[in-house]
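Residues per chain, in single letters:
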Amino acid sequence: MAIKIFIDQGHNPSGPNTGAEGNGLKEQNITYIVGKYLYDLLTANPNFTAKMSRETVDTVLGTSNSTSLQQRVRSANSWGADYFISIHTNGSTNPAANGTEGYVYSTNSEAYYLATDIVNAISNRMGTVNRGVFARPSLYVLRRTNMPSTLIELAFISNYEDSQKMRNDPYGFAFAIYQGILKFFGVN
């Protein structure tokens, strides 16, 4: 039986719940393309089946921040996903802030180990600073999903070096997430 992974490409292209911007990039565009590459990698592997929250780059979910998040969670829960991965880019008022990190509902969880494998893989492949994995039980997509869930901050859109990595090699980020998933499940 294939493992069902729900890929949530964080934020909307327009309207409510748009993401961070920095160095000429928009979070919602990066998360879409990285999520699409990840979807292609997972669906090419018979061990997995995948579903994306945003089927197209123009897909807008919800009519407000809260309904956008609700729609993503409802879609994952109703599909019966085994795991939920939300893809984001980080941002800071400090342009020196950089690196990759993950968030989970609890560090004493399966999701924590999945997030750790993903963050390690991104950091190793993309050369980003490994900032670790942290509990953020207040995050809606981690709190309301019925399956182990993680939110991955690929890198800082507000940091020039990080932003160039996301601009120039979105596939590399997707492939690193995929490598982290494979390591977590012990499959090829």
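Residues numbered from 1 in each chain as written. Predicted model: local features only at pLDDT ≥ 70, side-chain atom pairs only at ≥ 80, totals over all residues. Heavy atoms only, no water.

(A) Here's a closer look at the overall build of the protein. Scanning the protein for helices and strands turns up 6 helices and 8 strands. Starting at the N terminus, the α and β elements of the protein follow one another as β-β-β-α-β-α-β-β-α-β-α-β-α-α. Its C-alpha atoms give the protein a radius of gyration of 15 Å, near enough to 16 Å, the size a compact globule of 188 residues would have. If you line up the protein on its principal axes, its C-alpha atoms span 45 × 40 × 30 Å. By residue count, 51% of the 188 residues in the protein fall in the buried class. A sequence separation of at least 24 residues applies to 79% of the contacts in the protein between residues at least 6 apart. (Helix = DSSP H or I, 4+ residues; strand = E, 2+ residues; numbered from the N terminus. Rg over C-alpha atoms; globule rule 2.2 N^0.38 Å. Buried < 20%, exposed > 50% of the residue type's maximum accessible area, 1.4 Å probe, protein only. Contact = heavy atoms within 4.5 Å.)

(B) Inspection of the sheet that holds strand 4 (residues 48-52) at higher detail. If you walk across this open sheet you meet the 6 strands as 4-1-5-8-6-7, and the pairing is mixed. Strand pairing shows two members of the sheet lacking a second neighbour, strand 4 and strand 7 (130-135), which therefore form its edges. Sheet twist, expressed as the mean angle between neighbouring strand axes with direction ignored, is 20°. Sheet topology places strand 1 (residues 3-9) next to strand 5 (residues 83-90); 5 bridges connect them, and they run parallel. Opposite Asp8, over in strand 5, you have Ser86 as the bridge partner. Helix 2 (residues 65-79) contacts strand 1, strand 4 and strand 5 of the sheet and is inclined by roughly 170° relative to strand 1. Packed on one face of the sheet, helix 3 (residues 110-126) meets strand 5, strand 6 (100-104), strand 7 and strand 8 (149-156) and runs near 20° to strand 8. (Pairing = 2+ DSSP bridges. Axes fitted to C-alpha atoms, helices over the stretch in contact; angles between N-to-C directions.)

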